[in-house]
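Architecture and fold: a report
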There are 2 protein chains.
Amino acid sequence: MKLTDSTTESSILEAAKHVFVLKGFEGARMQEIADEAGINKALLHYYFRSKDKLFEAVFIDAFVKFVPTILITLNSNSPLFRKIEVFVDHYIEVLSKNPFIPGFILHELSHNSERLSKIIRTVGLNPDQFSEQVLAEINAGNINPIDPRELLVNILALCIFPFAGKPILKIVLFKNNEEEYAEFLNKRKHAAAQFIINSIKKR
Amino acid sequence: MKLTDSTTESSILEAAKHVFVLKGFEGARMQEIADEAGINKALLHYYFRSKDKLFEAVFIDAFVKFVPTILITLNSNSPLFRKIEVFVDHYIEVLSKNPFIPGFILHELSHNSERLSKIIRTVGLNPDQFSEQVLAEINAGNINPIDPRELLVNILALCIFPFAGKPILKIVLFKNNEEEYAEFLNKRKHAAAQFIINSIKKR
DNA sequence: GTCTATATCCAGATAGAC
DNA sequence: GTCTATCTGGATATAGAC
């Protein structure tokens, strides 16, 4: 978009992303972002007019990076079971490297749905192709009948919830042990896919 | 706890709960809580010393009301399949009446895990009895092998995610139509339980 | 472009009358 | 207990020198 992709601008964006994702819009402080970017507050306002604008840039970036790929993968041409395996494995892997993104997106979306919903629509998420595929498999007698939207929500829930709910799950299941939780997530790449396929597979 | 359960105190708590749950700790304003309770800011500080204290009262109340019942139900004596059906139906029903609670608890827990994790431990959540039951069913050859913790997380994920992710799901799946989403959640009480049971049931 | 200094605003908290 | 008025700190944002 900009030709002058100065180091400053990108380091601001990087710092802002870090702070906003961790603290949320309301909890984030411009001072902290400035510190983390190694500059001062005034420069933040020079590059981005306001906290609002800076946040919007960060949110759009995170949203576009993490959400549409969901449907791109699910709308691909792979056979259904393989698609589910690949998706779950890939998405849990990505989220393991960005564990705070789900909570960030869900929270900000809940609290600014008016302002941010236009972003969602701009991206143009469409689950129709996935739905068609599911219905075709049902008609062919390969899987048990299920509302494709239910299946889609289930897949997303099983991937995302372990991250959004990490703080409490880690305590309840693993006495707050970080390594064990990481191992749990790793096993889950396979286990969650298997759980889904087991449920819909005709036997 | 207090003998003088004045109307004022309870109306403050009610207003505070409403505002905190909707806006989060950082987003909430004492002024808004005072307005909603029909009093002024000074009285808030008279009853609860600070915003922090008021928040803690609200959070504990919400947490104790919504989280431990999860495990009480799952640790009951019902047979596994019936237990899952009852739990899913009951929990989706409860959350339908308090749709913002999941996001509230998950978000605040993520951002104050140090301060709030003692609350979690105080409540004493223990999934062991549920785990035992699952393992017993596996050994008896009634269900397919599965890590009980995976199963627990899956059940919670399928119930909670549709609420935490409501803003985006409503747009992607139903073009933002509220009634259709409510109907989706209603069908889900049965569909989600069936999805789980299908997956673990030996056939 | 980058800084220091400052303006402006607003939220949490307190003082003190009633 | 409840109010009005006020203090105080901190956060966003701007002015203006370099």
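All values reported here derive from a predicted model rather than from experimental measurement.

**Some remarks on the protein's contact with DNA strand C**
- What surrounds DNA strand C is a group of 15 residues, the closest being Asn 40 and Tyr 47 of chain A together with Met 30, His 45 and Lys 51 of chain B.
- Of everything in DNA strand C that lies within 4 Å of the protein, sugar and phosphate atoms constitute 61%.
- Interatomic distance of 2.9 Å between a backbone N/O atom of Met 30 of chain B and a phosphate oxygen of DNA strand C.
- Listed by contribution, the elements that provide at least two residues to the surface near DNA strand C are helix H3 (41–47) of chain A together with helix H3 (41–47) of chain B.
- Considering each element in turn, the surface near DNA strand C owes the most residues, 4 residues, to H3 of chain A.

**Overview of the domain arrangement of chain A**
All names here are of chain A.
- When cut into domains, chain A gives domain 1 (7–59) and domain 2 (67–200).
- Here domain 1 and domain 2 have C-alpha centroids that lie 29 Å from each other.
- For the domain 1 and domain 2 pair, buried surface summed over both sides reaches about 940 Å², with 73% attributable to carbon and sulfur atoms.
- A per-residue breakdown of the area domain 1 buries against domain 2 is headed by Val 21, Glu 56 and Phe 59, which together make up 58% of the total.
- The salt bridge partner of Glu 56 is Lys 118, with a shortest N-O separation of 3.8 Å.
- The tally of links between domain 1 and domain 2 comes to 1 residue pair in polar contact (both at pLDDT 80 or more).
- Only helix H1 (7–27) and helix H4 (51–66) provide two or more residues apiece to the side of domain 1 that touches domain 2.
- Looking at the side of domain 1 that touches domain 2 residue by residue, the classes come out as 7 nonpolar, 1 polar and 2 charged.

**Focus: the side chain of His 107 of chain A**
- Among the structural elements, His 107 of chain A can be located in helix H7 (residues 101–111).
- Side-chain polar atoms of His 107 of chain A contact the side chain of Glu 108 of chain A, separated by 3.5 Å.

**Quick notes on the nonpolar core**
- Counting 146 residues, the largest nonpolar core has Phe 20, Phe 63 and Val 88 of chain A together with Phe 20, Phe 63 and Val 88 of chain B as its most contacted members.
- Discounting chain neighbours no more than four positions away, the residues touching Val 88 of chain B are Ile 155, Cys 159, Arg 188, Lys 189, Ala 192, Ala 193 and Ile 196 of chain B.

**Quick notes on unusual backbone geometry**
Residues and elements named next belong to chain A.
- Unlike most non-glycine residues, Lys 175 shows phi in positive territory, near 50°.
- Its place among the elements puts Lys 175 in the loop between helix H11 (166–174) and helix H12 (178–200).
- In this structure, Asn 176 takes a positive phi of about 70° despite not being glycine.
- Mapped onto the elements of the fold, Asn 176 is located in the loop between H11 and H12.
- The class of Asn 176 is partly exposed, set by a relative accessible area of 34%.

About the cut-offs
Residues numbered from 1 in each chain as written. Chains lettered and ligands numbered in written order. Predicted model: local features only at pLDDT ≥ 70, side-chain atom pairs only at ≥ 80, totals over all residues. Heavy atoms only, no water. Near = heavy atom within 4 Å. Polar contact = N/O pair within 3.5 Å; in protein donor to acceptor, adjacent residues only side chain to side chain. Helix = DSSP H or I, 4+ residues; strand = E, 2+ residues; numbered from the N terminus. Domains from an automatic or database assignment. Buried area = accessible area lost by both parts, 1.4 Å probe. Salt bridge = Lys/Arg side-chain N within 4 Å of Asp/Glu carboxyl O. Nonpolar A, V, L, I, M, F, W, Y, C, P; charged D, E, K, R; others polar. Core = buried A, V, L, I, M, F, W, Y, C linked by side-chain atoms within 4.5 Å. Buried < 20%, exposed > 50% of the residue type's maximum accessible area, 1.4 Å probe, protein only. Contact = heavy atoms within 4.5 Å.

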